[in-house]
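Survey of secondary and tertiary structure
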Amino acid sequence: MNKEIVKVLIVCVILHIANLVNTSFFSLYVTQRLGIADRYLAFFPILNAAVMLIFMIGVQHRLESVKFRIPMWIGLVLYAACSVLLILTPIGSSMPFIIVYVFVGAVAGGLVMPRKDALLQLNINPNERARINALIMSFTIAFASPFGYLAGWLSSIDRRLPFVFTFTIYTIAIIIVGKICDPEFAKE
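Relative to the elements of secondary structure, S155 occurs in helix α5 (residues 129–157). For S155, the residues in contact, after removing those within four places along its chain, are F25 and P162.

Our next topic: the pattern of salt bridges. Oppositely charged side chains can form a pair if their charged atoms are brought close together. Counted under the stated rule, the structure contains three salt bridges. Between K116 and D117 there is a salt bridge, with the nearest N and O atoms lying 3.0 Å from each other. A residue is classified by how much of its surface remains accessible, and D117, at 38% relative accessible area, is partly exposed. Salt-bridge contacts for E128 lead to R131; the nearest nitrogen and oxygen are separated by 2.7 Å. Look at E128 and you get partly exposed, because its relative accessible area is 30%. A relative accessible area of 49% means that R131 is categorised as partly exposed.

Let's shift gears to the packing of aromatic side chains. Scanning the model with the defined rule gives eight aromatic pairs in all. Ring centres of F26 and Y101 lie 5.3 Å apart, and the angle between their planes is 10°; on these two criteria the pair is classed as stacked. Taken together, the residues span a long stretch of sequence, with F26 in helix α1 (residues 3–33) and Y101 in helix α4 (residues 95–123) at a distance of 75 residues. When the ring of F147 is compared with that of F165, the centres are 5.8 Å apart and the planes differ by 20°; the resulting orientation is stacked. In this pair, F147 is assigned in helix α5 and F165 in helix α6 (residues 161–179), connecting sequence segments 18 residues apart. Taken together, the ring pairs connect F26, F43, F44 and Y101 into an aromatic cluster.

Rules and cut-offs
- Residues numbered from 1 in each chain as written.
- Predicted model: local features only at pLDDT ≥ 70, side-chain atom pairs only at ≥ 80, totals over all residues.
- Heavy atoms only, no water.
- Helix = DSSP H or I, 4+ residues; strand = E, 2+ residues; numbered from the N terminus.
- Contact = heavy atoms within 4.5 Å.
- Salt bridge = Lys/Arg side-chain N within 4 Å of Asp/Glu carboxyl O.
- Buried < 20%, exposed > 50% of the residue type's maximum accessible area, 1.4 Å probe, protein only.
- Phe/Tyr/Trp six-rings, centres within 6.5 Å; stacked < 30°, edge-to-face > 60°.

Now the structure itself:
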């Protein structure tokens, strides 16, 4: 496995862990700490999907000429900012903050996820693609599994701590993305 695949693999694992933590603890955090009523929980995934769809249709094609790292950096910075926003959201009047969190997170996902997948595929030998993809998926799931327990433990101490953890791993991903070569440079 070459160095570029390893870097992209680490970013894939980080994003999988962050997604695991965010989806597992977001609803607990907003209902138990921020006091959002349970009836609003179904609204957030719908908003996320709508924003991501609009972003994919309206903006994504305009970013084709931009290098892979720049949109990934911007997306990861937005993800990290989302974690900070969620941590700092005041109790009581938190609904506008949560809507901004979901909106910015959807834009970040629209920037990061397609490029992460493309970088992975562009760095894998086409003759080995199926085998390497299977190994990467297995490794990602196996490595990320213990982090659900860790996030649960952190949440039992303070509901904000899982999002402090995601902020930390997004920061690590930002550093790693800075070291990834764009595919056209990786081939030279």
